[in-house]
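Listed below are the residues making up each chain.
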Amino acid sequence: MSDLRRPADLTCDEVRELAGAFVLGALREEDAAAVRAHLDTCPDAHAEILALAEMLPVLAASVPPVEPSAGLRDRLIAAAAADLEARAAPAPAPTVPSSSMGAVTPKAESIEGGRSRRPWSVPAWALRVAAVVAIVVLGGWNLLLQGQLGDAQAYERQVANVLAVAAKQGSLTVVMTPGSAPATGLAAIDAGGGMTLAMRDLAKPSGTAVYEAWMIAPKAAPVPLGEMSIAGDGSAYLQVGGVPATPGLVVALTREPGPGATTPTLPIVSSGTATASS
Amino acid sequence: MSEPTRPLPLRVTTAGDDADRAVLARISNGELNALDELYERYKTMAYSIAYRITDDASLAEDVVQDAYLGVWRNAARYIEGRGSVKTWLLSIVHHRAIDAIRRRRPTTELPERDDVPPATLTLPDVWGEVAANLDAETVRTALSALTDVQREAIELAYFGGLTQVEIAEQTSTPLGTVKSRMRLGLLAMRRALTGEAEPSIGAGESDRP
C-alpha cells in the first residue's frame with residue numbers, strides 16, 4: 001500500500017515535502033507518478049524540485065573515479081554494430097513474426113532500450129557479421145588515427161580472412177577482449193573445425209617468449225592451438241584446424257616462456273568465448 | 001569558510017553540450033565512431049557511478065553497456081529540450097544501476113521499473129556541465145553541510161536504491177523524518193554551494209515530521 005493517503009491528489013505542500021525523496025528516486029512508483037501528475041498540472045512551477053535535483057551531480061561527483069575494463073568498450077561497440085545490422089537487416093526468416101522487426105517503438109519507456117526485452121529478432125549470421133564489421137571499422141579507424149595506414153591494411157587483411165570464415169553457414173565468432181594486456185582481436189570457427197584468429201595491439205615478447213593460443217572447452221583442460229608470431233605493428237594471425245565449433249568454447253592467448261607449452265602460463269593476455277549461431 | 005561561495009553556474013550551455021549534441025546527431029545516423037567518442041568522454045563517470053551503486057565490477061559494466069546501448073538506439077528520438085546528453089546518459093546509468101541492485105534484493109517489493117523513466121529525466125537538465133565543473137573541494141564543501149543522518153538518508157536513497165519507506169525501516173526512523181532529512185540535506189548542500197538562504201524553499205522546516 002502507498003504511504004500516501006491519496007496519491008493521485010497531492011497538495012502543493014505534500015509535493016514540497018516529498019521533493020527530496022522524489023529527486024533521489026526514493027518514492028515508490030505510484031507515489032512518484034502522483035508527484036509527476038501534480039507537476040504536470042500545477043500552476044506553481046515548484047522550483048524547489050529542480051533546485052534539489054541540481055544536487056544530484058554533486059552527489060555523483062563525490063564518487064571515487066574508477067575505470068571500466070578495456071573490454072567493455074569492445075563489447076559495447078560490437079553490440080551496437082549488431083543492433084545497427086538488425087535495424088538494417090532485410091526481412092527476417094519466416095519463423096520470425098514481422099512485428100518483432102520494429103527496431104524501436106515510439107513508446108517513451110524505450111528511451112532506455114532494454115536489458116531483458118529485445119524489440120527485434122536478428123538472424124544469428126547478422127550478429128556475427130556485425131561484430132566483425134565493428135572491429136574492422138573501428139580497428140581501421142583507430143590505426144588510421146595513429147598514422148599507421150600500412151599496418152592497418154595488414155590487420156584489415158587478416159580480419160577479412162576471419163570475416164570470410166564467419167560468413168560461412170554454421171560458423172561461430174569469438175571476440176577477443178583484453179586480459180592482462182590491452183590486446184584485442186577476433187576469431188571465427190567454421191563448422192569443419194577450422195579457426196582463424198586475428199589479434200592486434202600485442203607487445204613484442206622478449207627473449208624466447210612466445211604467444212600461444214589455447215582452446216578451453218567447458219570442464220576440459222586447455223589445449224594448445226599454436227604460436228602466434230607478432231608482426232611489426234603488433235598484429236598476429238593464426239589459422240588452425242581441429243577446433244570444435246561449440247558455443248561456449250573459450251579461446252585464450254597467453255605468453256609462454258618458450259615454444260611447445262602444454263599448460264598455459266597465467267595471466268591470460270586476451271580471451272573470448274565462441275558465440276552461438278543459428 | 002572564508003568568502004561566501006560564489007554561485008555555481010548551475011545551468012549553462014557550454015561548448016561541451018554542443019559537442020555532445022553533434023556527437024549524438026552522428027550516433028542517430030548510426031555512426032559507430034560517434035558512439036565510441038561518447039563512450040570515451042563519459043566512460044569513467046558512468047562506470048564510477050554504476051560501480052559505486054552496484055559494488056560489482058561486472059554488473060557495473062553491464063549497466064554502463066546497457067545505458068550506452070539505450071542512447072545508441074534512441075538518439076534519434078532524443079528531445080533537445082530535455083537537457084544535456086550527459087544528463088540523459090548519466091541518469092540512465094543511475095537508473096539502471098539502481099534497478100540492477102533492486103533485482104538483486106529479492107525481498108524488495110518494487111514494481112518493474114523498466115518501463116518508467118527515471119525522475120530526473122522528467123525534469124529539466126540537472127547535470128549540464130555541473131559535474132564537470134565541480135572540483136573536489138566544492139564537493140567536499142557541499143557534503144560537509146550534511147548532518148550524519150541526512151547523509152545517511154541521502155546515500156541510502158541515491159546510492160542504495162532504497163525507498164523512503166525502506167530507509168525509515170532500516171534506520172528505525174519515522175517516515176516523515178526521513179522525508180525531511182532528504183529534503184533538508186539537499187537544501188543544505190545547495191546553500192553551501194550557492195551561499196543563498198533561499199527562504200522560499202527552505203523556510204519553516206525542522207528535522208521532525
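Residues numbered from 1 in each chain as written. Chains lettered and ligands numbered in written order. Predicted model: local features only at pLDDT ≥ 70, side-chain atom pairs only at ≥ 80, totals over all residues.

1. Focus: the nonpolar core
Most often, soluble globular proteins have nonpolar side chains that are buried together. Judged by nonpolar contacts, the single largest core of 121 residues is most densely connected at Ala46(B), Ala50(B), Val93(B) and Ala157(B). It is helix 2 (residues 32-54) of chain B that contributes the most residues to this core, 12 residues altogether. Apart from the residues within four sequence positions on either side, Ala157(B) is in contact with Ala21(A), Leu24(A), Gly25(A), Ala26(A), Leu162(B), Ile167(B) and Met182(B). (Core = buried A, V, L, I, M, F, W, Y, C linked by C-beta atoms within 7 Å. Buried ≥ 20, exposed ≤ 12 C-beta atoms within 10 Å, placed from the backbone. Helix = DSSP H or I, 4+ residues; strand = E, 2+ residues; numbered from the N terminus. Contact = placed C-beta atoms within 7 Å.)

2. Things to note about the confidence of the model for chain B
Residues and elements named next belong to chain B. Summing up the model confidence of chain B, the mean pLDDT is 77 and the portion of residues at 70 or higher is 69%. When pLDDT is averaged over each helix and strand of chain B, the minimum, 45, is found for helix 10 (residues 199-202) and the maximum, 96, for helix 7 (residues 148-158). For residues 1-13, every residue scores under 50 in pLDDT, and the model assigns this stretch 18 contacts once sequence neighbours within four places are set aside. For this predicted complex, the interface score ipTM comes out at 0.78, while the overall pTM is 0.56. (pLDDT = per-residue confidence, 0-100.)

3. What about the pairing of strand 1 (residues 172-178) of chain A?
All names here are of chain A. A large share of strand 1 lies buried, amounting to 7 of its 7 residues. Connecting strand 1 to the next strand, strand 2 (residues 184-189), in antiparallel fashion are 5 residues. Inspection of the sheet shows strand 1 paired to strand 8 (residues 268-275) by 4 bridges, in the antiparallel sense. Considered in strand 8, the bridge of Thr173 is made with Thr275. (Pairing = 2+ DSSP bridges.)

4. Observations regarding unusual backbone geometry
Positioned with a positive phi, His46(A) is a non-glycine residue whose angle comes to about 50°. On the secondary structure map, His46(A) appears in the loop between helix 2 (29-41) and helix 3 (47-53). In the Ramachandran plot, Ser172(B) falls in the positive-phi region, its phi being about 50° despite a non-glycine side chain. On the secondary structure map, Ser172(B) appears in the loop between helix 8 (164-170) and helix 9 (175-194). Exposure remark for Ser172(B): the 6 C-beta atoms within 10 Å place this residue in the exposed category.

5. So, helix 2 of chain A
An α-helical segment advances 3.6 residues per turn. Residues three or four places apart therefore align on the same side. Residues and elements named next belong to chain A. In this model, helix 2 (13 residues) spans 18 Å end to end at C-alpha, consistent with the 18 Å of a helix rising 1.5 Å per residue. Among the residues of helix 2, Asp31, Ala32, Ala34, Val35 and His38 are the ones counted as buried. Looking straight down helix 2, one finds its buried side chains confined to an arc of 155°; they lie on one side. Exposed side chains of helix 2 directed beyond 90 degrees from the buried face belong to Asp40 and Thr41. On the buried face of helix 2, the contacting elements are helix 1 (12-23). (Expected span 1.5 Å × (residues − 1). Arc of directions from axis to C-beta.)

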